[in-house]
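An overview of the molecular structure
Listed below are the residues making up each chain.
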Amino acid sequence: MIEHDFPEDFTPIAAELQRLPYMSPSRGFADRVISRIDRLNPSAGIAPVGEKRHLELQQGGRAAVRRRPAGVVRVVGTAVAGVALVTVAAFMFVGVDLLTAILAAGASQYAMVIAAVSAEAGAVVLGAETIAYLQAGALESVLLYLTLAVGLFGGYAGIRTAASIAKRKAA
Amino acid sequence: MPAKSYTDVSDQQVVVFAQEGREDAYRELIKRYERPVYSLIYRMVRDNETAEDLSQETFIKVLNNIDRYRPEFKFSSWLFKIANNITIDHLRRRQLDTISIEGAPDAVTGERIRATAITVASGGESPLEELESKEIGASIEEAIAKLRPEYRACIILRHVEDYSYDEIAEIVKLPLGTVKTYIHRARQELREHLEDLK
């Protein structure tokens, strides 16, 4: 019996609390517990097939194998698939005529302007003779294209090298 | 191994036998505490099925970790501590704070309401006494059910299981002062709910 540490008016309630009956779990409770004690049932630790797979996925798999950085791949894949689906849907249901019309209108409207602006810009950068070669579509123009490309990449590589040398010296 | 009689054997000694792998020792520990543990959990969750599951979880956890039992503490305190932790975790997950004597709040079907309603056992009294006892018992159960789960655990451990404040603080992992406050408030609330009993 616990010591009397409550006010007098709580005594009847305390007495009733002491008289509260115990309740019993259902029959076979002990057997069910015993069947789950690892030491008494070495097989109790082995989960059924379905459960085991679940545990592997939840714990073992995660611990044993490092997660792959699948986030970027998943995002790119989703984006590509999404764009493809939207495009297909647009072509199939709504936009084939609309898209074609817009593109055709854009091309026909601005083609001359774009060509003229490009030729002017090219003439300023490369010179009028070079542009003439390019527009002629001769063999020399192909060589010129290749030279330009090699020069472009070579220049870029040269700048990068110079920058890294300068950085090393500064350090 | 022949079955042993554990009649005058202390909990600590039974635990030692269990640690040696004796099944009858495990069964003895379950037999000694299945009703107190189940009753504590049931009074906190007010659902037969849930109380049974949580009681089972408690015993499985305790008995599977029997080697970690430290004999300087009462076995029953350790057991109630695990039971209380498991039950409080469950209640936090379920948010089952207010419950009624007529059945758990999520009970919708008649069967479910009956399963979650409290029935108070009689103790061999006359029909009139039995009826009165049942009524009082039901009122007490109802009043306990209205308490906050933390209060419920403390008041049951104090007045039903006869634990000291220090032991309760150890079981429910709360400071002694908090436990005293909880029990004080629980008594106040019980008094308010049970005006007729005074």
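Shown above is the structure to which this text applies.
Before going into details, it helps to say that this report is about the structure given with it.

So, on to helix α2 (residues 23-45) of chain B. All names here are of chain B. Of all the bends in α2, the largest measures some 50 degrees and sits at Tyr33, one to four residues before the proline Pro36. In terms of burial, α2 is a largely internal element, 17 of the 23 residues being buried. Of the residues one or two after α2, Arg46 is the one with positive phi, at around 55 degrees.

Residue and element names in this part refer to chain B. Viewed as axis vectors pointing N to C, α2 and helix α3 (residues 48-64) meet at an angle of 140 degrees, and their least axial separation amounts to 9 Å. Between α2 and α3, the angle falls in the class oblique. As α2 packs across α3, the resulting crossing turns out to be right-handed. Residues Tyr26, Leu29, Ile30, Glu34, Val37, Tyr38, Ile41, Tyr42 and Val45 of α2 touch α3, and the partners they reach there are Thr50, Ala51, Leu54, Ser55, Thr58, Phe59 and Leu63. Among the residues forming the contact of α2 with α3, the class breakdown is twelve nonpolar, three polar and one charged.

For helix α7 (residues 149-159) of chain B, a buried count of nine out of eleven residues is recorded, marking the element as mostly surrounded by other parts of the structure. Every buried residue of α7 of chain B is listed here: Tyr151, Arg152, Ala153, Cys154, Ile155, Ile156, Leu157, Arg158 and His159 of chain B.

Our focus in this paragraph is the environment of Glu141 of chain B. Residues and elements named next belong to chain B. Residue position: Glu141 is located in helix α6 (residues 127-146). By the C-beta count within 10 Å, which is 21 here, Glu141 ends up buried. Expressed as a C-alpha distance, the spacing of Glu141 and Arg46, which sit 95 residues apart in the sequence, is 9.8 Å.

Below, the discussion takes up the interface of chain A and chain B. Facing the 28 residues of chain A at the interface are 34 residues of chain B. At the level of elements, α1 (11-19) and α2 (29-34) of chain A are the ones that each hand at least two residues to the side of chain A that touches chain B. Ranked by residues supplied to the side of chain A that touches chain B, first place goes to α1 of chain A with six residues. When its residues are assigned to classes, the side of chain A that touches chain B shows 19 nonpolar, three polar and six charged.

This paragraph deals with the packing of α7 of chain B against helix α9 (residues 176-193) of chain B. All names here are of chain B. Interhelical geometry of α7 versus α9 gives an angle of 90 degrees and a closest axis separation of 9 Å. Relative to α9, α7 is oriented roughly perpendicular. Seen from α7, the contacting residues are Glu150, Tyr151, Cys154, Ile155 and Arg158; seen from α9, they are Val179, Tyr182, Ile183, Arg185 and Ala186.

Right, let's talk about the environment of Ala51 of chain B for a bit. All names here are of chain B. Residue placement: Ala51 occurs in helix α3. Overall, the presence of 24 C-beta atoms within 10 Å leaves Ala51 in the buried class. Remark: the alpha-carbon pair of Ala51 and Thr87, spanning 36 residues in sequence, is separated by 8.5 Å. Those residues in contact with Ala51 that sit more than four places away from it in its chain are Tyr38, Ile41, Tyr42 and Val45.

All names here are of chain B. Counting residues in each nonpolar core, the largest one holds 49 residues, and the members touching the most others are Leu29, Ile41, Leu79, Cys154, Ile155, Leu157 and Ala186. Where this core is concerned, the elements lending two or more residues are α1 (11-19), α2, α3, α4 (75-94), α6, α7, α8 (165-172) and α9. For this core, the leading source of residues is α2, giving twelve residues. Two domains each put at least three residues into this core: domain 1 (11-97) and domain 2 (148-198). Once residues within four sequence positions are removed from consideration, Leu79 is found in contact with Tyr33, Val37, Thr58 and Val62.

The rules behind each value
Residues numbered from 1 in each chain as written. Chains lettered and ligands numbered in written order. Predicted model: local features only at pLDDT ≥ 70, side-chain atom pairs only at ≥ 80, totals over all residues. Bend = angle between axes of the 7 residues up to and from the residue. Helix = DSSP H or I, 4+ residues; strand = E, 2+ residues; numbered from the N terminus. Buried ≥ 20, exposed ≤ 12 C-beta atoms within 10 Å, placed from the backbone. Axes fitted to C-alpha atoms, helices over the stretch in contact; angles between N-to-C directions. Parallel < 35°, antiparallel > 145°, perpendicular 65-115°, else oblique. Left-handed = near helix turned anticlockwise from the far one by under 90°. Contact = placed C-beta atoms within 7 Å. Nonpolar A, V, L, I, M, F, W, Y, C, P; charged D, E, K, R; others polar. Core = buried A, V, L, I, M, F, W, Y, C linked by C-beta atoms within 7 Å. Domains from an automatic or database assignment.

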